[in-house]
Amino acid sequence: MKKAILSAKGLCKSFAHNGGQVHILTGVDLDIYEGDLTVIMGASGSGKSTLLYALSGMDRATGGKVMYNGEDIVSLSEKKLAALRHGDFGFIFQQMHLVSNLDLLENVTVPGYLDKTRSAAETDKRAEELLEKMGIAHIKKHLPSQCSGGEQQRCAIARAVINEPKILFADEPTGALNKKNTTEVLDLMTELNRSGQSILMVTHDARAACRASRIIYIEDGKVIGELELAPYDKKDEKSRETQVNAWLTSLEW
Ligand SMILES: Nc1ncnc2c1ncn2[C@@H]1O[C@H](COP(=O)(O)OP(=O)(O)O)[C@@H](O)[C@H]1O
Ligand SMILES: [Mg+2]
């Protein structure tokens, strides 16, 4: 029996626009389960990023609830919300947003030092291990500008998980990468998920969606489809792609 780690009920998000309101999310009901690699798909502009930001407390919903750990994060104080984003949640984006004057190792250790549950020595050790795992230990002294997009994204993943987040949120993490780097980044996300990391990823790339254990499809501000998949296995990739593509076609993707 899967355990819900995040639950949205009637989630709404509107933006002020041209003196009126545009309604982007219009009542999203959704459970995200612990240990899943959940993918959110939908057409460009359908509100995937808006949904991810509302679910992760990056931005506040304008209606409804998001229950996490017994609390509704929509009505949480700014201070508590910030603590949640730093402690319990990790984030990666299409653009890596690494700190340009810090080397790769420092980009990973600095947010680690801010988390007081671990000593600086433990953070250093964990950062080294993560860079090793991400295959970028040999370039740890390089600045982001000296690295490829794929290397930067792998560093951003290490940074996002340094404090052992309960949920890793990813918004189009492969959106700016070529095919080879995309595969590498997806392999790392798959591996993290296999070792127990709950992941919620937004993508419009069907290949990235194939890594999911569950895909949610949104349209017109609501969830209109959901597909459960067996855990990802490279040897089933072709049949998996066929299954996902057929499902997406049925939703007029
Ligand atoms: N801050 C904002 N103000 C006004 N409209 C916004 C804002 N952020 C997003 N939108 C609009 O919300 C819609 C959904 O955006 P987004 O969530 O980024 O879509 P997706 O990630 O699926 O491409 C788009 O039409 C976008 O223009
Ligand atoms: Mg988006």
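Our structure's up above, just so we're on the same page.
Student: Teacher, can you tell me more about the site of ligand 1 here?
Tutor: Neighbouring ligand 1 are the residues Phe15, Ile24, Ala43, Ser44, Gly45, Ser46, Gly47, Lys48, Ser49 and Thr50. Backbone polar atom of Gly47 to an oxygen atom of ligand 1: 3.0 Å apart, as the coordinates give it. Relative to its unbound accessible surface of 570 Å², ligand 1 loses 57% to contact with the protein. With three residues, the single largest contributor to the shell around ligand 1 is helix 1 (residues 48-56).

Student: Help me understand the packing of helix 3 (residues 104-114) against helix 4 (residues 120-133) in this model?
Tutor: What describes two packed helices is the angle between their axes and the distance between those same axes. Look at helix 3 against helix 4: their axes get within 9 Å of each other, and the N-to-C directions meet at 140 degrees. Between helix 3 and helix 4, the interaxial angle falls into the category oblique. For the pair helix 3 and helix 4, the crossing hand works out as right-handed. Contact with helix 3, carried on its side by Leu105, Val108, Thr109, Gly112 and Tyr113, involves Ala120, Thr123, Asp124, Ala127, Glu128 and Leu131 of helix 4 and no other residues of that element. Residue composition of the contact of helix 3 with helix 4, grouped by class: six nonpolar, three polar and two charged.

Student: Help me understand the sheet that holds strand 3 (residues 37-41), please; the structure alone is not making it clear to me.
Tutor: Picture the strands of a sheet paired through backbone hydrogen bonds; they go either parallel or antiparallel. With mixed pairing, the six strands of this open sheet are ordered in space as 6-7-8-3-9-10. The open sheet has two free edges, formed respectively by strand 6 (89-92) and strand 10 (222-228), since each of these has just one partner strand. Put simply, the sheet's adjacent strands are angled 20 degrees from each other on average, direction ignored. The pairing of strand 6 with strand 7 (residues 167-171) spans four bridges and is parallel. Residue pairing across strands places Ile92 opposite Ala170, the latter belonging to strand 7. Relative to the sheet, helix 6 (residues 179-194) contacts strand 3, strand 6, strand 7 and strand 8 (198-202), its axis offset from that of strand 8 by approximately 150 degrees.

What counts, and at which threshold
- Residues numbered from 1 in each chain as written.
- Chains lettered and ligands numbered in written order.
- Predicted model: local features only at pLDDT ≥ 70, side-chain atom pairs only at ≥ 80, totals over all residues.
- Heavy atoms only, no water.
- Near = heavy atom within 4 Å.
- Polar contact = N/O pair within 3.5 Å; in protein donor to acceptor, adjacent residues only side chain to side chain.
- Areas by Shrake-Rupley, 256 points an atom, 1.4 Å probe, with all protein chains shown as cover.
- Helix = DSSP H or I, 4+ residues; strand = E, 2+ residues; numbered from the N terminus.
- Axes fitted to C-alpha atoms, helices over the stretch in contact; angles between N-to-C directions.
- Parallel < 35°, antiparallel > 145°, perpendicular 65-115°, else oblique.
- Left-handed = near helix turned anticlockwise from the far one by under 90°.
- Contact = heavy atoms within 4.5 Å.
- Nonpolar A, V, L, I, M, F, W, Y, C, P; charged D, E, K, R; others polar.
- Pairing = 2+ DSSP bridges.

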